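Survey of secondary and tertiary structure
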Amino acid sequence: MKDYYAILGVGREATQEEIKKAYRRLALQYHPDRNPGDKEAEERFKEINEAYAVLSDPEKRAQYNRGLLGEPVLRTENLFDLFAQVFGFRTGRAAPRGEDLEAQVEVDLEDLLKGKEVEVAYARLVPCEACHGQGGRRVVCPTCGGKGVLESYRQGLFGAFVTRSTCPHCKGQGHLLAETCPVCRGRGRVAREERARVRIPPGMDENHLLRVPGHGNLGPGGPGDLYVRLKIRPHPHLEREGADLVYRLKLGLAQAALGARVEIPGLSGPIPLEVPPGTGHGEVFELPGEGLPYPGEARRGALRVVVELSVPKHLSPKAKELLRAYAKEVGEEVAPEGFFERLRGFFRK
Ligand SMILES: [Zn+2]
Ligand SMILES: [Zn+2]
């Protein structure tokens, strides 16, 4: 049997505190991460852990002192688990963060000019208060003894090694539920209505998501994030195309032919526009700087005015008369008066 006291450099009467102190100093010194490729350091690290595993456990220490300890105990323990336990951090898989969530806010097109602070209402999962997030009364999994993993020590070509697998009984949780919490039905988390205040930046794109850190579901490793999706309420006059805005200007026949002064309902107020005589259907007037801000920039896109020629469906007898006179003047051939009425009467017979 090895002299564990000598390995840790402590006397036989050393207190638990002294043993722990010695272990911490030596384990750091000989840790394989600090001595890459050094076989001797690796062996020392193993010995130090073995010694500490025995001497830190009063029962094993007593057996060892009486020379009754058989096999070296570290055969069934993981070196780095012990190290992590003493230094207060976990190895392996970190506790999972809560899931990210998505929520939607509705804003008006005008709100994108200067940006807006809005309140987002959504539901997220938080630890159940009734069971303190435990899901009910827990008992240590008897299969893995609470470790969540099963370890087996194997003899390989270059020495012994440990293989680990997730415990199938508790699925890696390390515990089982003896009684299920009736509030969360064993899930450990319940949905809660939340409100978060978020600032919609000027010109924010509808296809982008706004990240609000820490407002997602709460998990053992901390909260996830909330992603806010933007929805713009339909505007009575304007459509959005990136940083540009589109306005469809309806022009009557006379306006298009003779020109007109119109007002465009811009986002920041009415904009006067001179429509020149002879403006055709589909023509576009661009008003630079009257669109939305480019995200993160001071400059704004354009307001595009698209002309839509509005042909009257119903005309008064007087208007008809005037249009016929106009057609005659410019030599346009039109259907004779009453032609379509007679045509419809013919098909009805
Ligand atoms: Zn509960
Ligand atoms: Zn288990």
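Computed from a predicted model, the values in this text were never measured in an experiment. (Residues numbered from 1 in each chain as written. Chains lettered and ligands numbered in written order. Predicted model: local features only at pLDDT ≥ 70, side-chain atom pairs only at ≥ 80, totals over all residues. Heavy atoms only, no water.)

**Observations regarding the pairing of strand β11 (residues 226-232)**
The side chains of a regular strand alternate between the sheet's two faces. On β11, burial follows the alternation: Leu226, Val228, Leu230 and Ile232 on one face are buried, whereas Tyr227, Arg229 and Lys231 on the facing-out side are not. Across four bridges, the pairing between strand β8 (residues 209-212) and β11 is antiparallel. If you follow Arg211 over to β11, its bridge partner there is Tyr227. (Buried < 20%, exposed > 50% of the residue type's maximum accessible area, 1.4 Å probe, protein only. Helix = DSSP H or I, 4+ residues; strand = E, 2+ residues; numbered from the N terminus. Pairing = 2+ DSSP bridges.)

**So, the packing of helix α3 (residues 39-55) against helix α4 (residues 58-65)**
Helices that pack against each other are described as a pair by the angle of their axes relative to one another and the distance between those axes. Where α3 contacts α4, the two axes come as close as 6 Å, and the packing angle between them is 100°. Our classification of the angle between α3 and α4 gives roughly perpendicular. Along its contact with α3, which presents Ala53, Val54 and Leu55, the element α4 presents Lys60, Arg61 and Tyr64. Grouping the amino acids of the contact of α3 with α4 by side-chain chemistry returns four nonpolar, no polar and two charged. (Axes fitted to C-alpha atoms, helices over the stretch in contact; angles between N-to-C directions. Parallel < 35°, antiparallel > 145°, perpendicular 65-115°, else oblique. Contact = heavy atoms within 4.5 Å. Nonpolar A, V, L, I, M, F, W, Y, C, P; charged D, E, K, R; others polar.)

**Considering the domain arrangement of the protein chain**
In terms of domains, the protein chain is made up of domain 1 (4-87), domain 2 (93-125 + 190-233), domain 3 (136-180), domain 4 (238-310) and domain 5 (317-348). The distance between the C-alpha centroids of domain 2 and domain 5 comes to 61 Å. (Domains from an automatic or database assignment.)

**Let's talk about the sheet that holds strand β13 (residues 244-252)**
Pairing in this open sheet of four strands is mixed, and the strands run β12-β13-β17-β16 from one edge to the other. The open sheet has two free edges, formed respectively by β12 (238-241) and β16 (284-287), since each of these has just one partner strand. Here the strands of the sheet are splayed against their neighbours by 30° on average, with no regard to which way each runs. Pairing geometry for β13 and strand β17 (residues 303-310), over eight bridges, is parallel. Bridging across to β17, Leu249 finds its partner in Val307.

**A short note on the coordination of the zinc ion (ligand 1)**
Under ideal tetrahedral coordination, the four donors around a metal are separated by 109.5 degrees; under ideal octahedral coordination, the six donors are separated by 90 or 180 degrees. Within the protein, the zinc ion (ligand 1) binds to Cys128 (SG), Cys131 (SG), Cys181 (SG) and Cys184 (SG); these donor distances fall in the range 2.3 Å. Note that the zinc ion (ligand 1) binds four donor atoms; their angles at the metal cover 105 to 114°, and the shape is tetrahedral. Read in sequence order, the donor residues for the zinc ion (ligand 1) give the motif C-x2-C-x49-C-x2-C. Of the two residues, Cys131 sits in the loop between β2 (116-127) and β3 (136-140) while Cys181 sits in the loop between β6 (175-180) and β7 (189-200), which places them 50 residues apart along the sequence. Like Cys181, Cys131 is buried. (Donors = N, O, S within 2.8 Å, 3.2 Å for Na, K, Ca; no water. Tetrahedral: all angles 85-135°; square planar, octahedral: opposite > 155°, others 65-115°.)

**Structural notes on the sheet that holds β8**
With respect to topology, three strands assemble into an open sheet ordered β1-β11-β8, the strand pairing being mixed. A single partner strand is all that each edge strand has here, and the edge strands are β1 (101-107) and β8. Adjacent strand axes in the sheet meet at a mean angle of 30° when their direction is disregarded.

**What to know about the coordination of the zinc ion (ligand 2)**
Protein ligation of the zinc ion (ligand 2) involves Cys141 (SG), Cys144 (SG), Cys167 (SG) and Cys170 (SG), the donor distances falling in the range 2.2 to 2.3 Å. Viewed at the metal, the four donor atoms of the zinc ion (ligand 2) are separated by angles of 102 to 116°, and the geometry they form is tetrahedral. Mapping the donors of the zinc ion (ligand 2) onto the primary sequence yields the spacing C-x2-C-x22-C-x2-C. A single burial state applies to Cys167 and to Cys170, both of which are buried.

**What to know about the environment of Gly252**
With respect to the helices, strands and loops of the structure, Gly252 is situated in strand β13. Taking C-alpha positions, Gly252 is 21 Å from Leu287, a pair spaced 35 residues apart along the chain. Those residues in contact with Gly252 that lie beyond four places of it in its chain are Leu309 and Ser310.

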